[in-house]
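# Structural description and commentary
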Amino acid sequence: MEVKAMSVSAANISSLGSGATIPVAYYPKDIEQLRQIQRRHAARSRLFIAGALSNTLVLEMTPDDATIFCSAMRGIRVHEDCITVRAGEKTAHVADVARICGLSGMEDLCCIPGTVGGGVMGNAGCYDTAFKDVVKSVKLFHLDDGQQEELSGEEIAFRYRYCNLRKNVDFITEVTLRLFPDGVSAIGARMSDVRKKRKQTLPTGKSLGSVFKKIDGVSCGYYLDRLGIKGRRIGGMQVSEKHAGIIVNRGDGTPEEYLALVELCESEIQKATGRKPEREVVIFGRNQ
Ligand SMILES: Cc1cc2nc3c(=O)[nH]c(=O)nc-3n(C[C@H](O)[C@H](O)[C@H](O)COP(=O)(O)OP(=O)(O)OC[C@H]3O[C@@H](n4cnc5c(N)ncnc54)[C@H](O)[C@@H]3O)c2cc1C
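Residues numbered from 1 in each chain as written. Predicted model: local features only at pLDDT ≥ 70, side-chain atom pairs only at ≥ 80, totals over all residues. Heavy atoms only, no water.

Attention shifts here to the nonpolar core. Nonpolar side chains tend to gather and get buried jointly when the protein is soluble and globular. Core analysis: the largest hydrophobic core is formed by 47 residues, its most contacted members being Met106, Val120, Phe131, Phe171, Ile172, Val175 and Leu177. Formed jointly, this core draws a minimum of three residues from each of two domains, domain 1 (6–69) and domain 2 (76–185). If we skip the residues at most four places from it in the chain, Leu177 touches Asp81, Cys82, Ile83, Val94, Met106, Phe131, Val134, Val135 and Lys136. Leu16, Phe212, Tyr258 and Val262 belong to the second largest nonpolar core, which has 23 residues in total. (Core = buried A, V, L, I, M, F, W, Y, C linked by side-chain atoms within 4.5 Å. Buried < 20%, exposed > 50% of the residue type's maximum accessible area, 1.4 Å probe, protein only. Domains from an automatic or database assignment. Contact = heavy atoms within 4.5 Å.)

Shown next, in the form of structure tokens:
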């Protein structure tokens, strides 16, 4: 079936509830549709790859920019101690399927918003676990040359909130997770603990999660708190009063206001520590 482009509003998709219009968005369901997009856009457009935009700020795009969402690539297969998921499955849902199947390993990841594709690309993690700990293999479609490739978890260089797959070129289509058997109720109890702990520490407002990566193991929220930046507002965006490492949308915040607050936090942290914090939030559009 021919894959169609559409215009969508990032504000309606992103967990931030804010974001520019994406003039050319695709939702391929399979490799054949990815191939059509690749042929149509290769070498002519800037391509962006997206999951659920729960870690991505979308600024103004040009009519030539095309964004390929993986969220229509769905399907989960459980085999022995492994779960093979297509990239658009939600991480939280996969964690729940693992629990129901008596497979442990995903408990700490059960509250991470977004897709498995986005989770692997950013090596998303929480407490003692990150995707690197559970990824057995990853299937890729290369948007530059249309080739496919399968890599083992060991072949991918995962680091803290990073992996060396090429951003906006290596499209993750499928991921196999290696888990281990355990009792359903023990897994469920651990997931409840994780949910409880996160509820106590994270703001409930619309956000993209942590803005910055830790500096030498210290959360940037700690520095921002010490610097008195907790609660600071630019327009409708605010550094959360509950967790200074997260910027929340108070209702009508624009992506430009979010970026302005990110830059303000960056400059204050740099002044205080001598180090410019690395962004965990990804930015699409404008000159990024
Ligand atoms: C309330 C809240 C809490 C959060 N808590 C955590 C947390 O505890 N730990 C944590 O690590 N993160 C956390 N996050 C951030 C976010 O949920 C994760 O980074 C998540 O894994 C992003 O998934 P996504 O599908 O939304 O990716 P997107 O935001 O859409 O994309 C993120 C990156 O992945 C790339 N990408 C997406 N899909 C693919 C694909 N199929 N192939 C190749 N590249 C792809 C994009 O190009 C982009 O670079 C939180 C966010 C929110 C809103």
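A side chain of one charge can pair with a side chain of the opposite charge if their charged atoms are brought near each other. Using the criterion set out here, one finds 17 salt bridges in the structure. For Lys230, the salt bridge goes to Asp225, with nearest N and O atoms at 3.4 Å. Residue class for Lys230 comes out partly exposed when judged on its relative accessible area of 33%. The salt bridge partner of Arg279 is Glu266, with a shortest N-O separation of 2.5 Å. One end of the pair, Arg279, is in the loop between helix H7 (255–273) and strand S21 (282–284); the other, Glu266, is in helix H7, and 13 residues separate them in sequence. Classification of Glu266 by relative accessible area gives buried; the value is 5%. One salt-bridge network, in which partners are shared between bridges, spans Glu107, Asp182 and Arg190. (Salt bridge = Lys/Arg side-chain N within 4 Å of Asp/Glu carboxyl O. Helix = DSSP H or I, 4+ residues; strand = E, 2+ residues; numbered from the N terminus.)

Before going further, it helps to examine the domain arrangement of the protein chain. Accessible area lost upon the coming together of the parts is a frequently used measure of interface size. Split by domain assignment, the protein chain resolves into domain 1 (6–69), domain 2 (76–185) and domain 3 (204–284). A separation of 21 Å is found between the C-alpha centroids of domain 1 and domain 2. Facing 14 residues of domain 1, the contacting portion of domain 2 comprises 17 residues. Broken down residue by residue, the surface that domain 1 buries against domain 2 is led by Leu34, Gln38 and Ile49, which jointly contribute 40%. The tally of links from domain 1 across to domain 2 stands at zero salt bridges. Taken together, domain 1 and domain 2 are joined by six residue pairs in polar contact (both at pLDDT 80 or more). Per element, the largest residue contribution to the side of domain 1 that touches domain 2 is four residues, and it comes from helix H2 (residues 31–41). Classifying every residue of the side of domain 1 that touches domain 2 by side-chain character gives eight nonpolar, three polar and three charged. (Buried area = accessible area lost by both parts, 1.4 Å probe. Polar contact = N/O pair within 3.5 Å; in protein donor to acceptor, adjacent residues only side chain to side chain. Nonpolar A, V, L, I, M, F, W, Y, C, P; charged D, E, K, R; others polar.)

With that settled, the discussion passes to the sheet that holds strand S18 (residues 233–234). Strand order in the open sheet formed by four strands is S17-S20-S19-S18, with antiparallel pairing between adjacent strands. Here the strands that pair on one side only, and so sit at the sheet edges, are strand S17 (206–210) and S18. Here S18 pairs with strand S19 (residues 237–239) via two bridges, running antiparallel. Residue pairing for S19: Ile234 is matched across the bridge by Met237. (Pairing = 2+ DSSP bridges.)

Moving on to the sheet that holds strand S7 (residues 82–86). One open sheet holds the five strands; their spatial order is S6-S7-S15-S11-S12, and the pairing between them is antiparallel. At either end of the open sheet lies a strand with only one pairing partner, and these are strand S6 (76–79) and strand S12 (148–152). Shown here is a sheet whose adjacent strand axes are inclined to one another by a mean of 20°, direction ignored. Set on the sheet, helix H3 (residues 91–100) makes contact with S6, S7 and strand S15 (170–178); between it and S6 the angle comes to about 30°. (Axes fitted to C-alpha atoms, helices over the stretch in contact; angles between N-to-C directions.)

Moving on to unusual backbone geometry. One non-glycine residue with positive phi stands out, namely Leu53, at about 55°. Following the sequence through the fold, Leu53 ends up in the loop between strand S3 (47–50) and strand S4 (56–58). Overall, Leu53 belongs to the buried group, its relative accessible area being 2%. With a phi close to 50°, Tyr127 is a non-glycine residue in the positive phi region. You can see Tyr127 is positioned in the loop between strand S9 (125–126) and strand S10 (129–130). Owing to a relative accessible area of 41%, Tyr127 belongs among the partly exposed residues under this scheme.

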